[in-house]
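For reference, the chains in residue letters:
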Amino acid sequence: MSAPAESFWTTLPLGRGFGLLTRDANGLAAFAKPAGGLSHPNTPRDQSRSLLDATYVTEGEFFQWTTAEGAVSRLWLLNRLDGATSGVILAAASADLAGEIRRMFQHKQVRKVYNALVFGVPTRSSDIWRDRLAVQRKGGVVRAGVGGNIPAEASVTVLRQQRAASPPLALIQLEPRTGRSHQLRVQCAKRHLPIVGDATYGDFTANRAFAKHTGEKRLFLHSLETTFEYEFAGRIHRFTAKAPLPAEFARVLA
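Keep in mind that what you see is a predicted model, and the values were worked out from it rather than measured. (Residues numbered from 1 in each chain as written. Predicted model: local features only at pLDDT ≥ 70, side-chain atom pairs only at ≥ 80, totals over all residues. Heavy atoms only, no water.)

### Looking at the pattern of salt bridges
Here is the rule we go by: In what follows, salt bridge is the name for a side-chain nitrogen of Lys or Arg lying within 4 Å of a carboxyl oxygen of Asp or Glu. Secondary structure elements follow DSSP: runs of H or I no shorter than four residues count as helices, runs of E no shorter than two count as strands, and numbering proceeds from the N terminus. Buried means the residue's accessible area, taken with a 1.4 Å probe over protein chains only, is under 20% of the maximum for its type, while exposed means over 50%, and partly exposed covers the values in between.
For the coordinates displayed, the defined rule picks out 15 salt bridges. A salt bridge links Asp82 to Arg185; its shortest N-O distance comes to 3.0 Å. Taken together, the positions of Asp82 in the loop between strand E5 (72-77) and strand E6 (86-92) and Arg185 in helix H3 (residues 183-190) put the pair 103 residues apart, joining distant regions of the chain. Judged by relative accessible area, Asp82 falls into the partly exposed class, the value being 26%. Overall, Arg185 belongs to the buried group, its relative accessible area being 8%. Close ionic contact of Glu216 with Arg251 constitutes a salt bridge, the shortest N to O distance being 2.9 Å.

### Let's talk about the side chain of Ser223
To keep things clear, this is the line we draw: Here a residue-residue contact requires only that any non-hydrogen atoms of the pair lie within 4.5 Å.
Here Ser223 is to be found in strand E12 (residues 221-232). What makes Ser223 buried here is its relative accessible area of 2%. Those residues in contact with Ser223, other than ones at most four positions away along the chain, are Leu81, Thr85, Ser86, Gly87, Val88, Val113, Tyr114 and Ala243.

### Here's the deal with the packing of aromatic side chains
Quick reminder of the rule: Each Phe, Tyr or Trp ring (for Trp, its six-membered ring) is paired with any other whose centre lies within 6.5 Å, and the angle between the two planes then decides the class: stacked below 30 degrees, edge-to-face above 60, tilted in between. Remark: a charge is flagged as sitting over a ring if the NZ atom of Lys or the CZ atom of Arg is within 6 Å of the ring centre and within 35 degrees of the ring normal.
Across all of its chains, the model carries nine aromatic pairs by this definition. Judged by centre distance (4.9 Å) and plane angle (90°), the ring pair of Phe8 and Trp9 falls under edge-to-face. The pair formed by Phe8 and Trp9 is uniform in burial state, with each residue classed as buried. For the cation-ring pair, Arg218 lies above Phe220, with the distance from its terminal atom to the ring centre recorded as 5.6 Å.

Below is the structure:
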């Protein structure tokens, strides 16, 4: 299947705050998701807050819409981020390409880099976190915690720190080696390094004080970069996408 025309990308019905970061000749694309945006709509009322302001077909995991010329177009969603998390999400313009990239995710062949602002400072400048999680889904709501039988692993590097702040703050880089629901948020909280603005697993008192002082209420977790190689149409292709760190991270660390 040939890649879509340039007009396919320039006329996408993008949701509020979403932007195209990069795309390749095969039809693989990366988008920047804003904090509070949705990877896909849960109800028709959510469409304008989602990657595309279009119908989402859950069974096939793709968006579908009709162009101004009356043609039916589709875009396949490849990964998801929590609504409160910003950063890179991927999509493909064909079912065949989507299948190949989804296999890459299933076999853990995708490198994902996150940045997070946390209350506290890790004791080591770099580390490997290994935990076992329990994940529950009820009524469309996901909750995770430690003490289950699902392995979770991530590498951690301290990028910046503000020990003089009250409480101290650190900007850390996280590279999950497993892709569990809410994994990074739970792993941070377990080590008494809750992510700033985390309304589920965080330090609620510290969140309120931080928001009052800075005016920022978002979850300070950002999917910074996604990189991998994939095989398609008889060739190996390398794909890298980076969503710049949002300005609010720099403001609170200034």
